[in-house]
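# Close look at the chain arrangement
The residues making up each chain are set out below.
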Amino acid sequence: MSLHQQRDHFVQHDLWTVAEGPDASFERTKRSATPREFKQRVSWKKDPMLTLSKTEAPCAPTAVVSACRDVRAYAGQDVRGAARVAFERWPELRAAAPRACAYVFISNLPHLAEAYGQDFASAASLEVQRRLCAHFITSAAHDMARLRDDCFLLWANDAFVCGASNIRELPQAVRSASQPIETLLAVLGAEPVRAMGILALVQLHADWIEMRAPGQIGTSEIELALWTAQPFPDSRESRADGWCQRYRADMDVALRVSEALRTEALSFAWQPVVHAGSNPGTLYHAGRVRLPASRSEPALLAQEVFLPCLQRLGLARAFDRIAVRQALAALRRQHAMHIGVGICAQSVRLDHWWASLCAALDEEPSLASRLVIEIVGSATLAEHEAARDFCVQMQLRGCRIGLRDIGGGNDNLAALQSCGPDIVKLDASLLRRARGGAFGVECLRGMISLCTHVAAQVAVDGIEREEDMHIASRVGAQWLQGYGVRATEAAGARATADADAHDGSSGATSGAACVDPLAGCL
């Protein structure tokens, strides 16, 4: 739209709004002028007092209309005069215009109050405010507002740069997945809150919102911001007897995960997904995250143990983000490897948590082509449309999508359709059942047949011994994964090396194939 067209649109639409007022009590039929004649009377293009610069023109109409209601009475008699007054006050109105703003909502503050007491919840709120002041504002009076204990507003400033003066100027892609919001969430939630001898993590929700400056927002705007910031409650959450004890136990596990993330002490157990036939090809290496032993917890903690705790607390997003980032680091070090990393169902949505991932995949398409994103717990997918959008965007960037543990019970068949996976990995329980007799074998065969209509590749997980490989091959499995696969692969490599040595050739190349190619990467 040209500058003149913007002016004409303002005269036709926005000045009528100024004259009528928010209650629309002014009746156009009482005036003899039509909007077209009204535009001609104003003589917009000929009046030098109504001239705007090209940079101010796009945002001037909204600011003038919203901030010039005090000239309504004057406008009813002389609209041209009202417009002149409004634009004479343009610097003042520009300062009062809505600014790009982010809200930060502490979603689990009521849970913290119930599990640890109201005093601790109040201390957690103050700690989030302190972190905001320490990292993201230059002036507490102009850049931040505390609407309630669980909700803060943070306006764009030199310490929190969003790249636009208001939300409308942000591209849609930036609004839905922006690195400033990702950084905000990561920094505020990186460390647990410590107060009264208690440690706990806060669950944060943040997004963009357009608000006027802190001293100018009214009650209705505050209520709207609070309504916008509060996420929808989880209908599956239950408060059975012993809820507080379970919440505190889950939080203890989450604190151990948080400590491992901060100290970069996570370890990965890698399992190859190999071809079931005579071709010894490897589809990719699937990674399972483990927590290291500590003084208080001498045993390793597997992902299958701690991930459900994080999901119940709503804290799995930060963990999945770091796990994927470390998988990308491994891909950068191992240029020929294809690896898979699991994320939970809560993370299968394209939002601010994945802004840096999207940027990395766009900048380095060679990483995307070697990355498999495995969705764990697809039965708990709540928003299938959001899941579909996430999977489509990852696939468009070159990643492959895998669904894990299918057929293990409580499966959500709609997830198979929504995610459109490239790889389906069957739950290990199907193979264990197949060891027991013909019925189990037919169940495994049927699941493989069903999944081949959904995904191009189907893998059977849970291979522990040679008998499992024979069962899987007999029912038509394409790919195999399990602790027994690595042993079989290594034995095959040693056999090949022995044969080569007997023939007088070197077996160094074949022997090297059994070494974990990702050992020490993470």
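## Here's the deal with the overall build of the protein chain
- Looking only at helices and strands, the protein chain features 24 helices and 15 strands.
- Buried residues in the protein chain amount to 48% of all 522 residues.
- Considering only contacts in the protein chain between residues 6 or more positions apart, those separated by 24 or more positions represent 69%.
- Surface accessibility of the protein chain: about 25200 Å² in total, with carbon and sulfur atoms responsible for 52%.

## Here we look at the side chain of S258
- Looking at where S258 falls in the secondary structure, it is placed in helix α13 (residues 243-262).
- What makes S258 buried here is its relative accessible area of 6%.
- Not counting chain neighbours up to four residues away, the residues in contact with S258 comprise A190, P192 and L201.

## Quick look at the nonpolar core
- By size, the foremost hydrophobic cluster in this structure holds 115 residues, and its most contacted members are L112, L132, L184, M251, L426, L444 and L480.
- When residues in this core are grouped by element, the largest group, nine residues, is from α13.
- Beyond its immediate stretch of four places on either side in the chain, L444 contacts L426, L430, L431, A434, V460, I471 and V475.
- Counting 14 residues, the second largest nonpolar core, distinct from the first, contains C101, I209, L226 and A229.

## Remarks on the pattern of salt bridges
- Inspection of every chain in the model, using the stated rule, returns 21 salt bridges.
- Two residues, R312 and D250, come together in a salt bridge whose shortest N-O distance is 2.9 Å. Of this pair, R312 sits in helix α14 (residues 303-313) while D250 sits in helix α13; the two residues are 62 residues apart in sequence, bridging distant segments of the chain.
- For D250, a relative accessible area of 6% puts it in the buried group.
- Taken together, the shared-partner salt bridges in this structure form one network comprising R435, E464, R465, E467 and D468.

## Points about the packing of aromatic side chains
- In the structure shown here, the tally under the stated rule is seven aromatic pairs.
- Taken together through their ring pairs, the aromatic side chains of F136, F160 and W208 make up a single cluster.

## Let's talk about the sheet that holds strand β2 (residues 144-148)
- Here we have four strands laid out as an open sheet, ordered β2-β3-β1-β6, and antiparallel in their pairing. This sheet does not close on itself; its edge strands, each paired only once, are β2 and β6 (204-211). For this sheet, the mean inter-axis angle between neighbouring strands, taken without regard to orientation, is 25 degrees.
- Relative to β6, strand β1 (residues 99-106) runs antiparallel, the two being bridged by eight bridges. Paired with A100 across the strands is E210, a residue of β6.
- The sheet strands contacting helix α11 (residues 179-188) are β1, β3 (151-155) and β6, and the helix crosses β6 at an angle near 140 degrees.

## Examining the environment of L132
- Here L132 shows up in helix α8 (residues 118-135).
- Using a relative accessible area of 1% as the deciding quantity, one classes L132 as buried.
- In sequence terms L132 and L154 are 22 residues apart; their C-alpha atoms lie 8.2 Å from each other.
- If we ignore the near neighbours within four places in the chain, the residues touching L132 are V104, I137, M144, F152, L154, L184 and L188.

## Considerations on unusual backbone geometry
- At M196, a residue that is not glycine, the phi angle is positive and equals roughly 55 degrees.
- One can find M196 in the loop between β4 (193-195) and β5 (198-200).
- Note on M196: relative accessible area 55%, which makes it exposed.
- Residues other than glycine seldom take positive phi values, yet D405 does so here, at roughly 65 degrees.
- With respect to the helices and strands, the residue D405 is situated in strand β12 (residues 400-406).
- Assessed through its relative accessible area of 29%, D405 is described here as partly exposed.

Rules and cut-offs
- Residues numbered from 1 in each chain as written.
- Predicted model: local features only at pLDDT ≥ 70, side-chain atom pairs only at ≥ 80, totals over all residues.
- Heavy atoms only, no water.
- Helix = DSSP H or I, 4+ residues; strand = E, 2+ residues; numbered from the N terminus.
- Buried < 20%, exposed > 50% of the residue type's maximum accessible area, 1.4 Å probe, protein only.
- Contact = heavy atoms within 4.5 Å.
- Areas by Shrake-Rupley, 256 points an atom, 1.4 Å probe, with all protein chains shown as cover.
- Core = buried A, V, L, I, M, F, W, Y, C linked by side-chain atoms within 4.5 Å.
- Salt bridge = Lys/Arg side-chain N within 4 Å of Asp/Glu carboxyl O.
- Phe/Tyr/Trp six-rings, centres within 6.5 Å; stacked < 30°, edge-to-face > 60°.
- Pairing = 2+ DSSP bridges.
- Axes fitted to C-alpha atoms, helices over the stretch in contact; angles between N-to-C directions.

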